[in-house]
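Architecture and fold: a report
This is what each chain is made of:
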Amino acid sequence: MLDPEVSAKYEIVVGLEIHCQLLTNTKIYAADANRFGEAPNTNISPITLGHPGTLPKLNKKVVDYAIKMGLACGCEISRENSFERKNYFYPDLPKGYQLTQDKAPICVGGGLEVLPKGAAEKVYVPLNRIHFEEDAGKSIHSETEDVTLVDLNRAGTPLIEIVTEPAIHSAAEAGAFLTDVRQIVRYLEICDGNMEEGSMRCDANISVRKYGAPLGKKTEVKNMNSIRNVQRAIDHEVERQIILIEAGEEVISETRTFDANTGTTAAMRTKEELNDYRYFPDPDLSPLFVSEEWIEGIRTEMPPLPADLVQKFTQEYGLPAYDAGVLTETKEMALFFDAVCQQTQNRKAASNWMMGPIKSFLNEQGGDIKNFSLSVDQFVGLIELVDAGKVNFSIASKEIFPRLVADKAATAESIAKAQNLLQDSSEDTIRPIAEAVLAEMPDKVTAFKKGKKGLIGMFIGQVVKKSGGKADPKKAGAILQELLA
């Protein structure tokens, strides 16, 4: 374990490269299907395989999606774009090069404000660029034989690569940034953000330096399939590099892999330099010119983004920041809640329902709000039934809510009436029960009269319980206060 006093002398410097597979129907430069999980080497064509005489053609939807992400991150959208070949050899790179953007990427600059876990304030993570490129295929290493199989279905899959500046200074900041990027691409519906399946992948460039010193040599860590593993890899690599420097040894600029079982990194190969890739302009693709009309057309299609909805929920609806964060985790949850708030002023009650019974129900059913059968009108009716004092929250959540979910034609009030669940505010009904409760607990009555006023809640609870949950707590409280006076 590294001495905290030693690690405190060093500044962590991290830059992230995030690859997001885009949810287009076809690949970036060919009409091959862009689908995950199909039989190996079925979604391929001579264009994807780079056969002589074939010509790529850019998928317009890829450009649309890249611009959407750029607008969401506050980037400048490049009006003039070019394409380069990035040359390197992998068995699963059939053309021997990757079509990408080097000199003129689609998005430049921008950044995101993120809130690291446990931090009191947000930090700004600046972006260097967002560019699009094609994915490579996939090498599958046999566990039983000394062979490697190559599946080229993924070759040519459209990607955007989101590149930050080396301006991240902790694993927590990196985790927060990745979390926000995944949330945004899901809101925009341009990538499913599934790191376990590889549709969102992250490489971390990590270095350390003593405060005020020039940037140190960096290592690039690959093969991380979760946000948590990215954070673990950063923490391990930072400690490894500091130990090397403190021992008078040199950090080697190299590409390393991360072992999730041990939480450690291991060397794969020395780090390539830019000239190793021999970038040069692709002769088969013309420059891409993006018009103002194109950009503005996409801007008008943009959905509300998480930060916008958090601001709306806290400032307009008066919710705590925690509630707003939970309710905006997914776009579907946020938009459902927003629709509810158009029909009720009790936004906090709606929030409590969403974060409590509704979220629990969805978790138990293994579903999400997209497939939720409860309509906005039904939900608003349930809130209003409780607000009107006709049922209490416990009855509403345990008895009415499950029946309401199961019956799209029902209303909360019709279920309450059919099941005889409406609260009783009749004094003739509640007073005898209240008198019986006080008679059963003379010691508690004495304690109340001596100053333990908090016991009133317990008395009310007993009255409601004895009434089978039907006694109006407010009416019960008023009667009990009168009897205890």
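Residues numbered from 1 in each chain as written. Predicted model: local features only at pLDDT ≥ 70, side-chain atom pairs only at ≥ 80, totals over all residues. Heavy atoms only, no water.

On to unusual backbone geometry, then. Positive phi values are uncommon outside glycine, yet N41 reaches one of about 60°. If you trace the backbone, N41 turns up in the loop between β1 (10-21) and α2 (60-72). Even without glycine at this site, R278 takes up a positive phi of about 45°. Note that R278 resides in the loop between β15 (264-270) and β16 (280-281). (Helix = DSSP H or I, 4+ residues; strand = E, 2+ residues; numbered from the N terminus.)

The sheet contact formed by strand β9 (residues 138-141) and strand β10 (residues 148-151) spans four bridges and is antiparallel. Counted as the bridge partner of S139 is V150 from β10. (Pairing = 2+ DSSP bridges.)

A word on a nonpolar patch on the surface. Side chains of I140, V147 and L149 sit close together on the surface and give an oily, nonpolar patch of about 240 Å² of accessible area. Secondary-structure assignment places L149 in strand β10. (Patch = residues over 30% accessible without salt bridge, like charges linked within 9 Å, V, L, I, M, F, W, Y side chains within 5 Å. Areas by Shrake-Rupley, 256 points an atom, 1.4 Å probe, with all protein chains shown as cover. Salt bridge = Lys/Arg side-chain N within 4 Å of Asp/Glu carboxyl O.)

Within the structure shown, the criterion is met by 30 salt bridges. In this structure, K348 engages D323 in a salt bridge whose closest nitrogen and oxygen atoms are separated by 2.6 Å. Remark: D323 occurs in helix α7 (residues 321-327) and K348 occurs in helix α9 (residues 347-365); sequence separation between them is 25 residues. For K348, a relative accessible area of 36% translates into the label partly exposed. A salt bridge links K475 to E427; the nearest nitrogen and oxygen atoms lie 3.8 Å apart. Highlighted residues: K475 in helix α16 (residues 473-484) and E427 in helix α13 (residues 427-440), separated in sequence by 48 residues. Salt bridges sharing partners connect three or more residues here, namely E237, R240, E254 and R256. (Buried < 20%, exposed > 50% of the residue type's maximum accessible area, 1.4 Å probe, protein only.)

Before going further, it helps to spend a moment on the environment of G469. On the secondary structure map, G469 appears in the loop between α15 (455-466) and α16. With sequence-adjacent residues up to four places away left out, G469 is seen in contact with N392, I395 and V464. (Contact = heavy atoms within 4.5 Å.)

What follows concerns the pairing of β15. Pairing geometry for strand β14 (residues 254-259) and β15, over six bridges, is antiparallel. In the strand pairing of β15, R256 is matched with A267. Taken together, β14 and the strand that follows it, β15, pair antiparallel across an intervening segment of four residues, in which G263 is found at a positive phi of about 70°.

Overall, the coordinates contain 16 aromatic pairs when judged by the stated rule. On the numbers, 5.7 Å between centres and 80° between planes, the contact of F361 with F401 is edge-to-face. A residue pair is termed long-range when its members are at least 10 positions apart, and F361 in helix α9 and F401 in helix α11 (residues 393-406) qualify at 40 residues. The class for F361 is partly exposed, based on a relative accessible area of 21%. For F401, a relative accessible area of 4% translates into the label buried. Each member of the aromatic cluster is reached from another via a ring pair, and the members are F336, W353, F361, F372, F379, F393 and F401. (Phe/Tyr/Trp six-rings, centres within 6.5 Å; stacked < 30°, edge-to-face > 60°.)

This part takes up the sheet that holds strand β5 (residues 97-100). Read across the sheet, three strands follow the order β5-β4-β16 without closing on themselves; strand pairing throughout is antiparallel. Because the sheet does not close on itself, it has two edges, and the strands there are β5 and β16. When strand β4 (residues 84-87) meets β16, the two strands line up antiparallel, connected through two bridges. Of the residues in β16, the one forming a bridge with E84 is P281.

For the rest of this paragraph, the subject is the environment of S414. Within the secondary structure, S414 is located in helix α12 (residues 412-418). When the C-alpha positions of S414 and L93 are compared, they lie 63 Å apart, and in sequence the two are 321 residues distant.

Another aspect to go through is the nonpolar core. Core analysis: the largest hydrophobic core is formed by 69 residues, its most contacted members being L16, I18, M69, F132 and I160. Among the elements that make up this core, the one with the highest residue count is helix α3 (residues 171-188) (nine residues). Beyond its immediate chain neighbours, meaning those up to four positions away, I160 contacts I18, H19, C20, L22, A66, M69, I130, H131, F132 and I190. Among the nonpolar cores identified, the runner-up in size contains 40 residues, and A324, A350, A396 and L404 belong to it. (Core = buried A, V, L, I, M, F, W, Y, C linked by side-chain atoms within 4.5 Å.)

Moving on, we get to α15. Over its 12 residues, α15 extends 17 Å from the first C-alpha to the last, a length consistent with the 16 Å expected when each residue adds 1.5 Å. Where α15 is concerned, the buried positions are L455, I456, F459, I460, V463 and V464. Check the buried side of α15 and you find it contacts α13, α14 (442-449) and α16. Following α15 by one or two positions, G468 adopts a phi angle in the positive range, close to 75°. (Expected span 1.5 Å × (residues − 1).)

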